[in-house]
Amino acid sequence: MPIRTRRTLGAVTPADFERLAQLRRMQAIALGLLIAMGVVFVISFALQQRLPWLGYVRAASEGGMVGALADWFAVTALFRHPLGLRIPHTNLISNKKDEIGEGLGSFIEENFLADEVVHAKLSEISGARMAGEWLRDPGNAERAGAILSEAGTAALTVLDDRDVQDLIEGLVRKHVIDPKWGPTVGRGLETVLDAGHHESLIDIAADHLEHWLVAHPEAFDRVVSSRLPSWVPSIVDRFVDNRLHAEAVRFAQNVAKDRAHPFRAAANSFLRDLSRDLGQKPELQDQLESLKHEIFDSPRIRALAASTWTSARTALVEMLADPSSELRTRLVSAMQDFGRRLLEDATLQYKIDVWVMNAVEHVVRRSRHEIASVVTETVQRWDASEAAEKIELQVGKDLQFIRINGTVVGSLAGLAIYTIATLVIAPLVG
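The structure displayed is predicted, hence computed values, not measured ones. (Residues numbered from 1 in each chain as written. Predicted model: local features only at pLDDT ≥ 70, side-chain atom pairs only at ≥ 80, totals over all residues. Heavy atoms only, no water.)

1. Quick look at helix 9 (residues 182-195)
Piece 1. Here helix 9 spans 20 Å end to end across 14 residues, near enough to the 20 Å set by a 1.5 Å rise per residue.
Piece 2. Among the residues of helix 9, G182, G186, L189 and L193 are the ones counted as buried. The buried side chains of helix 9 occupy one side of the element, clustering within an arc of 70 degrees when seen end-on. Opposite the packed face of helix 9, turned more than 90 degrees from it, sit the exposed residues R187, T191 and D194.
Piece 3. Count one or two residues on from helix 9 and you reach G196, which has phi positive near 80 degrees. (Helix = DSSP H or I, 4+ residues; strand = E, 2+ residues; numbered from the N terminus. Expected span 1.5 Å × (residues − 1). Buried < 20%, exposed > 50% of the residue type's maximum accessible area, 1.4 Å probe, protein only. Arc of directions from axis to C-beta.)

Here is the structure:
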């Protein structure tokens with residue numbers, strides 16, 4: 001024959017077992033009071049003929065027993081059938097589990113997730129200030145940096161290189177390669193020309209050309225001499241080289257100094273025509289598209305992109321895993337700086353708090369029912385007896401006070417009724 005053990009009401013954690021022990025103590029106290037009332041009732045009932053005043057004691061103990069039994073029945077009927085008897089309207093929590101879950105979900109939705117409740121609660125707190133105070137502490141900033149680093153390392157480790165490459169390639173192709181470049185480049189070039197930025201580029205090019213010509217006259221001479229006929233005497237070669245080199249240096253200097261130089265005007269006219277043609281001439285646009293696809297579809301470019309991602313990922317994983325790396329140090333420093341700024345900049349605090357409030361209210365407003373349904377669905381998934389045990393474990397201790405109070409109130413009520421009957425009603429009837 002199997003040995004029956006006492007029910008643990010689903011206790012699984014130390015806190016649960018502590019609640020169970022407290023519940024058992026309160027049940028013992030309530031049962032002890034009931035037994036005490038029974039003993040007092042038996043003694044007073046047996047001796048009340050010889051000691052009339054024991055009638056009051058008997059009435060009090062009788063009322064106490066009635067109150068204790070009635071409240072024991074009421075409390076027990078919430079969680080199970082009293083004495084195993086399937087009396088109607090008992091074992092209420094098990095029988096009404098789904099309705100209780102729906103009621104809890106509806107209660108949370110209407111009272112905890114209501115717009116005004118959420119807004120009022122968010123208005124009372126400043127998440128930005130709390131975050132600033134927390135991040136200002138170096139230890140907290142390091143912990144936050146470690147959490148972000150671990151998350152980044154995990155993401156970089158889990159991600160498959162090929163999947164990442166396909167994703168990046170798909171995004172680049174959709175948003176960069178596939179759209180036609182001609183009109184966009186034309187508009188961009190026109191903006192640069194209107195702003196006069198091309199003049200700075202010409203200045204830089206002319207300046208570098210002058211420095212290169214001065215620093216490498218022999219290279220220039222070789223280029224020029226190679227174009228002269230072989231029958232030209234060497235003295236003529238040197239004269240031509242020197243003359244052309246000096247003219248080239250002077251040309252670069254004049255272009256750099258003279259804003260009205262003809263070369264600048266020619267370059268400006270050429271760029272203006274190019275920007276217009278890129279937006280209007282299909283043949284030029286097709287040439288640009290062909291060049292673009294030839295470059296991006298090149299196996300060398302794809303191999304370079306793949307190796308670049310692999311190298312970058314390896315370097316990032318190593319730096320994120322090393323607490324003393326420059327990346328981790330800068331991350332922690334940035335978090336501390338951000339925390340200090342949050343505390344010092346009231347405007348930034350206000351903007352962040354308002355943004356968080358609007359975001360949370362938007363989420364709650366759109367998902368209020370789904371959030372509350374988590375409670376409903378969780379309770380509905382519980383086993384009926386398991387649900388009753390979980391609830392009894394949480395509130396059973398407090399419910400035992402009902403039994404104790406019922407015993408006391410029943411005793412007082414019994415004593416009051418017997419006193420009125422003895423001292424008031426009996427003389428009137430007699």
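2. Observations regarding the packing of helix 2 (residues 54-79) against helix 18 (residues 384-429)
Piece 1. Interaxial distance between helix 2 and helix 18 falls to 6 Å at its minimum, and their mutual angle equals 155 degrees. Overall, the two elements helix 2 and helix 18 adopt an arrangement that is roughly antiparallel. As for the relative orientation of helix 2 and helix 18, their crossing is right-handed in sense.
Piece 2. Looking at the contact of helix 2 with helix 18 residue by residue, the class counts come to 16 nonpolar, 12 polar and four charged. (Axes fitted to C-alpha atoms, helices over the stretch in contact; angles between N-to-C directions. Parallel < 35°, antiparallel > 145°, perpendicular 65-115°, else oblique. Left-handed = near helix turned anticlockwise from the far one by under 90°. Nonpolar A, V, L, I, M, F, W, Y, C, P; charged D, E, K, R; others polar.)

3. Re the side chain of R368
Piece 1. Mapped onto the elements, R368 comes out in helix 17 (residues 346-381).
Piece 2. Exposure remark for R368: the relative accessible area of 17% places this residue in the buried category.
Piece 3. Of note is the side chain of R368, whose polar atom sits 2.7 Å from the backbone oxygen of L113. (Polar contact = N/O pair within 3.5 Å; in protein donor to acceptor, adjacent residues only side chain to side chain.)

4. A word on a nonpolar patch on the surface
Piece 1. A cluster of nonpolar side chains, contributed by I420, L423, V424, I425, L428 and V429, occupies part of the molecular surface with about 630 Å² of accessible area.
Piece 2. Relative to the elements of secondary structure, I425 occurs in helix 18. (Patch = residues over 30% accessible without salt bridge, like charges linked within 9 Å, V, L, I, M, F, W, Y side chains within 5 Å. Areas by Shrake-Rupley, 256 points an atom, 1.4 Å probe, with all protein chains shown as cover. Salt bridge = Lys/Arg side-chain N within 4 Å of Asp/Glu carboxyl O.)

5. Side note on helix 6 (residues 127-136)
Owing to its 3.6 residues per turn, the α-helix aligns residues three or four sequence positions apart on the same side.
Piece 1. All of the buried residues in helix 6 are A128, G132 and L135. In a view along the axis of helix 6, the buried residues occupy a sector of 75 degrees, so they form one face of it.
Piece 2. Along its buried surface, helix 6 packs onto helix 7 (138-158), helix 16 (326-344) and helix 17. (Contact = heavy atoms within 4.5 Å.)

6. Some words on the confidence of the model for the protein
Piece 1. When pLDDT is averaged along the protein, the result is 82; 93% of the residues meet or exceed 70.
Piece 2. Here residues 1-5 is modelled with pLDDT under 50, and outside its nearest four sequence neighbours on either side it reaches zero contacts, counting other chains as well. (pLDDT = per-residue confidence, 0-100.)

7. Comments concerning the nonpolar core
Piece 1. Of all hydrophobic cores here, the largest spans six residues; its members are L113, V118, L122, M357, V364 and A372.
Piece 2. At three residues, helix 17 tops the list of elements feeding residues into this core.
Piece 3. Those residues in contact with M357, other than ones at most four positions away along the chain, are H119, L122 and S123. (Core = buried A, V, L, I, M, F, W, Y, C linked by side-chain atoms within 4.5 Å.)

8. Quick notes on the packing of aromatic side chains
Piece 1. Applying the stated criterion across every chain, the model contains four aromatic pairs.
Piece 2. Consider the rings of F107 and F112, whose centres lie 5.7 Å apart with planes at 70 degrees: the pair is edge-to-face.
Piece 3. What makes F107 partly exposed here is its relative accessible area of 44%.
Piece 4. Ring centres of F251 and F263 lie 5.7 Å apart, and the angle between their planes is 80 degrees; on these two criteria the pair is classed as edge-to-face. Of this pair, F251 sits in helix 12 (residues 234-257) while F263 is found in helix 13 (residues 262-280), placing the two residues 12 residues apart along the sequence.
Piece 5. Owing to a relative accessible area of 37%, F251 belongs among the partly exposed residues under this scheme.
Piece 6. Under the relative-accessibility criterion, F263 is labelled partly exposed at 38%. (Phe/Tyr/Trp six-rings, centres within 6.5 Å; stacked < 30°, edge-to-face > 60°.)

9. A closer look at the environment of E62
Piece 1. In this fold, E62 is placed in helix 2.
Piece 2. Distance from E62 to G105, taken between C-alpha atoms, is 43 Å for residues 43 residues apart in sequence.
Piece 3. A polar contact is formed between the side chain of E62 and the side chain of R58, at a distance of 2.8 Å.

10. A word on the packing of helix 9 against helix 14 (residues 282-296)
Piece 1. Their axes nearest at 9 Å, the elements helix 9 and helix 14 cross at an angle of 105 degrees. It follows from the interaxial angle that helix 9 and helix 14 lie roughly perpendicular. Together, G182, P183 and V185 of helix 9 and Q285, L288 and E289 of helix 14 make up the contact between the two elements.

11. Quick notes on the environment of I168
Piece 1. As for its position among the elements, I168 is in helix 8 (residues 161-177).
Piece 2. Assessed through its relative accessible area of 41%, I168 is described here as partly exposed.
Piece 3. Counting along the chain gives 76 residues from I168 to L92, while the straight-line C-alpha distance between them is 58 Å.

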